[in-house]
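# Summary of structural features
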Amino acid sequence: MSNTIEFGNLSIEIRETPNEVVYRFVGDVDEHFRQKDVPRIKRANVTFILEEINNFNSCGIREWIYLIRDISDLGNLKFTKCSVTMIDQINMVPDSLGKGQVQSFFAPYYCECGGEVNRLIEVASHIEQLQNKQAPVFNCEKCGKNLEFDALEESYFLFAEGVLPKAS
């Protein structure tokens, strides 16, 4: 079953299966977002797909935190494909994740041949590097050289302290 909710600059697509509910967010989390209008659906797994979150404002983050607090109690909450904007928000407001865990996220890189590029980082594949606040190494798809991480590792991976699974 699928349902889409619209809030001005934000849309949320909700898909349900017997064991999981997936919320896909597209747009800006701003003053138009009304968390009380987002259905709370209890499932073993609750997944947020966040690659197309573009912006948060103060009204939006307040509503977001209320939503996350409620949904955190409904199932195993996972955050996937978190945009750079989402990671920046998590670093500024740790309550942005509630009891959820980040499974994958985008990080900013740079190459002289092609400029800025965001790379998807799968947490399970890079957990030790992330816990040590070290950017994984990626090669440029155009020239083959190593991409340069385009943020301060210490601050960009700050969120890793509290929300990543522990390395074994």
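## With respect to the overall build of the protein
- Scanning the protein from terminus to terminus reveals five helices and nine strands.
- Ordered by position from the N terminus, the helices and strands of the protein form the series β-β-β-β-α-β-α-β-β-β-α-β-α-α.
- Over its C-alpha trace the protein gives a radius of gyration of 16 Å, about what one expects of a compact globule, namely 15 Å for 168 residues.
- In terms of principal-axis extent, the alpha carbons of the protein reach across some 45 × 40 × 30 Å.
- By residue count, 46% of the 168 residues in the protein fall in the buried class.
- Across the protein, every contact between residues at least 6 apart in sequence was considered, and the portion connecting residues at least 24 apart equals 59%.
- Accessible surface, the protein: about 8,800 Å² in total, of which carbon and sulfur atoms supply 45%.
- Of note, the protein has its 17 positive side-chain charges centred 6 Å away from the centre of its 25 negative side-chain charges.

## Considering the sheet that holds strand 9 (residues 148–149)
- Read from one edge to the other, the open sheet built from three strands follows the order 8-7-9, with strand pairing classed as antiparallel. The open sheet has two edge strands with one neighbour each: strand 8 (115–122) and strand 9.
- Where strand 7 (residues 104–111) and strand 9 come together, two bridges link them in antiparallel fashion. Bridged to Y109 within strand 9 is F149.
- Lying on the sheet, helix 2 (residues 84–92) is in contact with strand 7 and strand 8; it crosses strand 7 at an angle near 110°.

Definitions and limits used
Residues numbered from 1 in each chain as written. Predicted model: local features only at pLDDT ≥ 70, side-chain atom pairs only at ≥ 80, totals over all residues. Heavy atoms only, no water. Helix = DSSP H or I, 4+ residues; strand = E, 2+ residues; numbered from the N terminus. Rg over C-alpha atoms; globule rule 2.2 N^0.38 Å. Buried < 20%, exposed > 50% of the residue type's maximum accessible area, 1.4 Å probe, protein only. Contact = heavy atoms within 4.5 Å. Areas by Shrake-Rupley, 256 points an atom, 1.4 Å probe, with all protein chains shown as cover. Lys, Arg positive; Asp, Glu negative; His and termini not counted. Charge placed at Lys NZ, Arg CZ, Asp CG, Glu CD. Pairing = 2+ DSSP bridges. Axes fitted to C-alpha atoms, helices over the stretch in contact; angles between N-to-C directions.

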